Amino acid sequence: MTAEPFRDSDPPGPAAAATPVMAQYHEIKRAHPGCLLFFRMGDFYELFFEDAQEAAPALDIALTRRGRHDGADIPMCGVPVHTVDAYLARLIRAGFKVAICDQIEDPAEARRRGAKGPVKRAVVRVVTAGTLTEDGLLDARRHNYLAGIAEAGGELGIAWLDLSTGAFSLAPTADLSLAADLARIMPGEILVPERLLARPALFEVFGDWKGALTPLASPRFDSEAARRRLESFYGVKALDGFGSFGRAEIAAAGALVDYVALTQQGGAPHLAPPTRVAPDTVMQIDAATRRNLELVTTLSGERRGSLIATIDRTLTGPGARLLAEQLAAPLTEPQAIGARLDAVEFMSDRPDMRAALRQRLRRCPDIERALTRLSLGRGGPRDLAALRDGLSETAQIRSILLVPGLVPLPELLARAERGLGEHGALVSRLGRALAAELPLLTRDGGFIAPGYAAELDELRELRDASRRTIAALQARYAEATGIASLRIRHNNVIGYYIEVSAANVERRGGSLGADFIHRQTMAGALRYTTVELSELASKIASAADRALALELRLFDDLAGDIMAGRDAIAAAAVALATLDLAASHAECAAETGWTRPEIDAGIAFEISGGRHPTVEAALAGRDSFIANDCILAEDRIWLVTGPNMAGKSTFLRQNALILILAQIGSFVPARAARIGIVDRLFSRVGAADDLARGRSTFMVEMVETAAILNQAGPRSFVILDEIGRGTATYDGLSIAWAALEHLHEVNRCRALFATHYHELTALAAKLPALACHTMRVKEWQGDVVFLHEVAPGTADRSYGIHVAKLAGLPEGVTARAAEVLEILEKGEEAGALARLADDLPLFRAARRTPPEPARHPSPLEDLLREAHPDELTPREALELLYRLKALLAE
Ligand code: ADP
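Parameters and conventions
- For every chain, the first residue of its written sequence is number 1, and the numbers climb from 1 along that sequence.
- With pLDDT at 70 or above as the cut-off, local features in this predicted model cover only qualifying residues; side-chain atom pairs require 80 or more to be listed or tallied, and sums for whole chains, interfaces and linings still use all residues.
- By convention in this description, side-chain values take in all heavy atoms of the structure and omit both hydrogens and water.
- Numbering of helices and strands runs from the N terminus, with a helix taken as a DSSP run of H or I at least four residues long and a strand as a DSSP run of E at least two residues long.
- Categorising residues by exposure relies on relative accessible area from a 1.4 Å probe, with only protein chains included: less than 20% of the type maximum marks a residue as buried, more than 50% marks it as exposed, and the intermediate range marks it as partly exposed.
- Only heavy atoms matter for contacts: two residues are in contact if any of them lie within 4.5 Å across the pair.
- Residue burial considers only the protein chains on display, and all accessible areas are found by Shrake-Rupley using a 1.4 Å probe.
- His is not counted, nor are the chain ends, whereas Lys and Arg count as positive and Asp and Glu as negative.
- A charge is said to be at NZ when it belongs to Lys, at CZ for Arg, at CG for Asp and at CD for Glu.
- Within 6.5 Å between ring centres, the rings of Phe, Tyr and Trp (the latter by its six-membered ring) count as paired, and their orientation is classed by plane angle as stacked under 30 degrees, edge-to-face over 60, tilted in between.
- Strands are labelled as partners when DSSP assigns at least two bridges between them.
- In this analysis an axis means a line fitted to C-alpha atoms, helices contributing only their contacting stretch, and an angle means the value between N-to-C directions, from 0 to 180 degrees.
- If even one non-hydrogen atom of a residue comes within 4 Å of a molecule or strand, that residue is called near it.
- What qualifies as a polar contact is a pair of N or O atoms within 3.5 Å, subject to a donor-acceptor requirement within protein and to the restriction that residues adjacent in sequence count only when both atoms come from side chains.
- The residue classification treats Ala, Val, Leu, Ile, Met, Phe, Trp, Tyr, Cys and Pro as nonpolar and Asp, Glu, Lys and Arg as charged. All others, Gly included, are polar.
- pLDDT expresses, on a scale from 0 to 100, how confident the predictor is about each individual residue.
- What makes a patch is a set of residues exposed beyond 30% relative accessible area and free of salt bridges, joined within 9 Å when like-charged and within 5 Å when nonpolar (Val, Leu, Ile, Met, Phe, Trp, Tyr).
- By definition here, a salt bridge exists when the distance from a side-chain nitrogen of Lys or Arg to a carboxyl oxygen of Asp or Glu is within 4 Å.
- By this rule the span expected of a helix is its residue count minus one, scaled by 1.5 Å.

Engineer: So, the overall build of the protein: which residues are in play, and what are the values?
Structural biologist: When its secondary structure is counted, the protein shows 31 helices and 27 strands. Seen through its C-alpha atoms, the protein measures out along the principal axes to roughly 120 × 100 × 70 Å. Within the span of the protein, comprising 890 residues, buried residues form 49% of the whole. Counting contacts in the protein only where the partners sit at least 6 residues apart, residues at least 24 apart contribute 68% of the total. For the protein, the exposed area adds up to about 42,100 Å²; of that, 54% sits on carbon and sulfur atoms. Charge centroids of the protein, computed over 101 positive and 116 negative side chains, lie 4 Å from each other.

This is the structure in C-alpha cells:
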C-alpha cells in the first residue's frame, strides 16, 4: 500500500498545548514569510490560520476549523494533492506565493522504525509567478519570465530567465528605457532591490508592474557576490567566456540565480549560459505603442484579432514561444534579418517539403519544458514520453531537410539541422522502457513496459498471481457461506477485506464461521478478513512495493541518461523551434500572398500595395481590402487627411505593422516592400482615459506625444493619429501644428501624421520633407462613399456631418449642423489660418533657445536680506561684513 494513511485525526483538545504537528507547522511557517504554506497531511495540502483565511475565498473553497490554538479555533482549508496544480494556478494568478511543504519520509516506514513525533516535513519548493514549470500552470505558447533589475556603478541592468525552458538573457537598461524593456520582456515576476523602489524616476514604471514585483533586500543584488554565484553555478573561472557584461547586468543575473536556488530548494535547473541583448540590436518599442498596435493582445485584451494571432501558424509550444519572443523584439541588423528571411523564403519556395516538415512537427511535444522538469527532479513518466516522441522526430525531420540533390540549406536552417543532433540510442531505450499508458506521477507506478526489466516482470507476476488467487478465494468463500453476493474488495485505508450485506449475515445467524474475523460494520454491510486473505494481501503489498521501488530506480536511471545528454537535447529543442517558426512564416505568407521585404541600412520606406494584416483577415478576403502604397523618400513625413471612417488609422497602423513584420524576419502583406532599418517605433493612436493613473484622455495623448517629440531620432518611425483632439479646436490645432514642425525640423524621422485638421496641410508649402495625402471619398447622391484609397492631395472637407448622418443622428440635427457649418466656413477662420501659415516664423522648433534655468537666491543674498542694519551694534555690523566677505570667497 503506497497511499499514506497519516492524518492528524485527533485535533488537540481545547486546553492542550500545540500538538507536535502544529509546532512543526509553526516552525516551517516562520521560515517562509510572505508565502502561503501548503502543509502536506496525507492526501491533502492544508492551510491554517491567516493562510487559510486568505486562500479559502481566493480558491472558492470552504473555510473550516481544526482544533484550537491559544484558546481559539484554528481556521483551516485544504486541497487534494492530486489536483493541487489547478489551485496553485489560481493562487499564483491572484498574486500569492506558495511554499509547498511535503512529507519527506514515508509515514508507514517511520512507524515501523518506531520513530517518535510527527512525520518529517520540509519545504520542497516555493512556487512564485516567475518560477513555474508545470504545463498546467503555464501558457504553452508564451514564455514565462522571471526578471531582475539591479543597479551598480550608477547603471541599471536587467536579466530575465524562463525557468521552464532554461532561456537566460541580460541587458543594460536605464531609467528612461526600463518601461520599454519590461514591455518587451513581459515578465511574470520581477525581482527589485528595495533601494530602487524608492527611486522617483522609476515610480511610474514600478506602479505599472505592481502586481509582479518581488522586492528583495538590496544586498542580494551585490554585483561581486553575483559574479561569484554565476561562476560557481556554471562551473567557470570567469564569465568572460559568455560575453562581456556590465556590473549591473551581472548583479541582476546573480540575484535571479540566487532566487531560483531559494525557490527550488536546491533543485538544479538547466539554465543556458546568459546571452547579452545589446541595446541597439533590437527595435525599441514602448509599452503604449505595443498596446496600440495590438501586437499580442487587442485593446480589449484578447489574443484573437491581435497581430500574433493573425500570423501564428506554429505547431509546437517552443515554436510559438519563439515567435512571441521575436515579435516582441524586432531586429535592427539587416544581416540577421536577412538570415531569417532566407530561411522563410527557402520554406516558402518548397511547399511539399514544408508540408512534410509540418506533418512531423505536429507530433513533437514540448521537449524543452519536459527537460527542465526532469532536471528539477519534478518530471514524470509523461515527460520521458515527450522526449521519446520529440527526439524520435528529429531523424525524420533531418531526412526531410536533406533531400539529396537539393540546394544547400540557408545558414539558419543548416544550423538547425546540425542542432537536431543524434538521439537514436536514447529514443530506442525510452521506447523499450515506457509502457503504452502512462500515469501522471512517478509514484503511481506502472509506467515501465513489460519486458524491459526481468526483475520487475517477476514482481508483477507475483502480484498478479496473488490477485488471481484472491479472485478464486472470493468464489470459494461465496460457496462456503452460501452468499453469492460476497465480495473481496480493496481500499487504501484497510486494504483487502471481505464484504457481506448485513441482511445476509443475519440470515446466517450473525456469523460467517470461525475463519472470518470481523473488521468493520458499515451501514447495511459488514467487513471481515481471514488469515489466508491477510497473508495474500501482504504478499501483494510487498510485491507491489518492491515493484514500485524498482520502477522509481529505473525512472531515475532514464532521467540520468537524459541529463547526461541535456545540452544536445536542449539544442534539438531550439532547432525544432527554429524550423517550426520558419515554416510558420512561410505558411502564413503562402496563405495570404505575402512577399519578402528588402531590408537595408538606408532610410527608405517604400511599401507598394500594402495591406493591414488583421483588418484584412477580419474582412476575410483580399479583394475587399484596398491595398495602398506608402513611399517615403524626399518626403519623409506624410500628412494624411480625410474624414472619419475613411481608413486613416488603418493605413497608419498597417505601415507600422509591416515594418515590424519585416524586421522580425517575416514576409509582409504588400506587393513589394523596401525598408531601411528602423531603430525605434513610436505611435500615438487612439486614446482612452487612463483612470488608474488618474489621467484624462487628453493627458494620455500629451504624455505619449511628449515621449515621441523628446526621443525620436533620424532612424525612428513615428505614427501619429489625430493629436490635439481632446481639447478645444484652436488649442488642438496649435499643438498639432507645432508638433508637426518639431518632427520635421528636430526629430527628422520618418513619420505618418493623420489629422482631421485639414488646415495643417498649409504647412506643406513650408516644410520641404512634408507631403500631403488624403483618403479618397466620393460623394454620391448627397452621401459619402469611402474608397479607402490613399492619394496625393488634401481633403477639402471633413465630411463629419455625412458620417453623423451615417451613424443615424436625427435629420433635424444634421440639417442644422450643415447650416452652422456654412456660416462658420464663410467667417474669418479660414482666412486667419491661411495667414498663420504665412506669418508664423516657421522652424521655431529648430531654433529653440534653452529656457533660462530657474534662479535660486545665493547664500550671500539670503544673509543680506535677513540683516537689519538699524538693529545692529557697530561690532555686529563689522562681523556681518566679515561673514559676507567670507561667503563671497566661497
Ligand atoms: P479613420 O481612422 O479614418 O477614422 P479607420 O482606419 O478606423 O478610419 O477605418 C474605418 C474602417 O474602414 C475600418 O474599420 C475598416 O473596416 C475599413 N477600412 C479601412 N481601410 C480599409 C481598406 N484599405 N480597405 C478596406 N476597408 C478599409
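Anyway, onward from the coordinates.
Engineer: How would you explain the packing of aromatic side chains if you had to name every residue and give the values?
Structural biologist: If you walk through the whole model with that rule in mind, you get 12 aromatic pairs. With 6.1 Å between their ring centres and 40° between their planes, Y25 and F49 make a pair best called tilted. Within this pair, whereas Y25 is found in helix α1 (residues 20-30), its partner F49 is found in helix α2 (residues 49-59), the two being separated by 24 residues in sequence. Its relative accessible area of 1% is what places Y25 among the buried residues. With centroids separated by 5.8 Å and ring planes inclined at 40°, the aromatic side chains of F38 and Y45 adopt a geometry described as tilted.

Engineer: Tell me about the sheet that holds strand β22 (residues 672-676), residues and numbers included.
Structural biologist: Read from one edge to the other, the open sheet built from 4 strands follows the order β18-β22-β19-β20, with strand pairing classed as mixed. With partners counted over all chains shown, the strands left at the sheet margins are β18 (598-600) and β20 (628-632), one partner each. The sheet shows a mean angle of 15° between the axes of neighbouring strands, direction not considered. Where β18 and β22 come together, 3 bridges link them in parallel fashion. In the sheet register, E598 faces β22, and the bridge partner there is R674. Lying on the sheet, helix α24 (residues 648-664) is in contact with β18, β19 (605-610), β20 and β22; it crosses β19 at an angle near 110°.

Engineer: How would you sum up the site of the ligand? Please name residues and give values.
Structural biologist: Looking at the ligand, there are 13 residues lining it, with I626, M645, K648, S649 and T650 nearest. Here A646 contributes a backbone N or O atom positioned 3.2 Å from an oxygen atom of the ligand. For the shell around the ligand, the residue count by class is 6 nonpolar, 6 polar and 1 charged.

Engineer: Could you give me a rundown of the pairing of strand β27 (residues 783-792), with the residues and numbers involved?
Structural biologist: Examined bridge by bridge, strand β26 (residues 770-780) and β27 share 7 bridges and lie antiparallel to one another. Note that in β27 the partner of V777 across the bridge is F786. Where β26 folds back onto β27 in an antiparallel hairpin, the turn is made up of 2 residues, including Q781, whose phi is positive at roughly 50°.

Engineer: Explain unusual backbone geometry residue by residue, including any values.
Structural biologist: Trans peptide bonds make up most of the peptide bonds, and negative phi angles are found at most residues other than glycine. Within the chain, M645 stands out as a residue other than glycine whose phi angle is a positive 75°. Assignment of secondary structure puts M645 in the loop between β21 (637-641) and α24. The backbone of E722 sits at a positive phi, close to 60°, despite the residue not being glycine. Mapped onto the elements, E722 comes out in the loop between β24 (716-721) and α26 (729-747).

Engineer: Account for the sheet that holds strand β17 (residues 525-529), naming residues and giving values.
Structural biologist: A sheet is described by the order of its strands in space; here 4 strands give the open sequence β14-β15-β17-β16, paired in antiparallel fashion. Looking at the sheet topology across the chains shown, the edges are occupied by β14 (487-491) and β16 (517-522). Within the sheet, the average angular offset between the axes of one strand and its neighbour, ignoring direction, is 35°. Taken together, the 5 bridges between β14 and strand β15 (residues 495-501) define a ladder with antiparallel strand orientation. Looking at β15, one finds that I488 is bridged to I498. Packing against the sheet, helix α19 (residues 454-481) makes contact with β14 and β15, and its axis sits at approximately 140° to β14. This element, helix α21 (residues 531-564), spans β14, β15, β16 and β17 of the sheet and lies at about 145° to β15.

Engineer: Describe in detail the environment of Y45, supporting the description with residues and values.
Structural biologist: Assignment of secondary structure puts Y45 in strand β2 (residues 44-48). Y45 sits in the buried class, given a relative accessible area of 6%. Spatially, the C-alpha atoms of Y45 and R508 are 45 Å apart, while their sequence positions differ by 463 residues. When residues no more than four places from it in sequence are discounted, the contact partners of Y45 are F38, F39, R40, C77, G78, V79, V81, V84, I100, C101 and D102. Within the structure, Y45 has its side chain in polar contact with the side chain of D102 (distance 2.8 Å).

Engineer: Pulling in residues and values, what's your account of the confidence of the model for the protein?
Structural biologist: Here the protein shows a mean pLDDT of 87. Residues at 70 or above account for 92%. Overall, residues 840-851 carries pLDDT values under 50, and its contacts beyond four positions in sequence, including any with other chains, amount to 17 contacts.

Engineer: Pulling in residues and values, what's your account of the pairing of β16?
Structural biologist: Examined bridge by bridge, β16 and β17 share 5 bridges and lie antiparallel to one another. The partner of Q520 across the bridge, within β17, is R527. Remark: 2 residues form the turn of the hairpin made by β16 and β17, two consecutive strands paired antiparallel; G524 in that turn has positive phi of roughly 80°.

Engineer: Residue-level account of a nonpolar patch on the surface, with values.
Structural biologist: On the surface, L878, L881 and Y882 cluster together into a nonpolar patch covering about 350 Å² of accessible area. Here L881 shows up in helix α31 (residues 874-889).

Engineer: Go over the pattern of salt bridges with me, naming the residues and quoting the values.
Structural biologist: The tally for this structure, following the rule as stated, stands at 47 salt bridges. Across the salt bridge formed by R415 and E411, the nearest N and O atoms sit 3.0 Å from each other. With R415 and E411 both in helix α17 (residues 411-420) and 4 residues apart, the pair spans about one turn of that helix. Take R415: its relative accessible area is 45%, and that puts it in the partly exposed class. In this structure E411 comes out as exposed when scored by relative accessible area, which is 54%. With a shortest N-O distance of 2.7 Å, R611 and E616 are connected by a salt bridge. One salt-bridge network, in which partners are shared between bridges, spans E151, D175, R195 and R199.

Engineer: Explain the side chain of T481 to me, using residue names and the numbers behind them.
Structural biologist: Among the structural elements, T481 can be located in helix α19. In this structure the side chain of T481 is engaged in a polar contact, spanning 3.4 Å, whose partner is the backbone oxygen of A478. From its side chain, T481 meets the backbone nitrogen of I483 in a polar contact 3.3 Å long. Residue contacts for T481: discarding those within four places in its chain leaves L486, R508, L512 and F516.

Engineer: Break down α26 for me, with residues and values.
Structural biologist: For α26, which comprises 19 residues, the first-to-last C-alpha distance of 25 Å matches the rise-based estimate of 27 Å (1.5 Å per residue) to within 8%. Turning to α26, its buried residues are G732, L733, A736, W737, A739, L740, E741, H742, L743, H744, E745 and N747.

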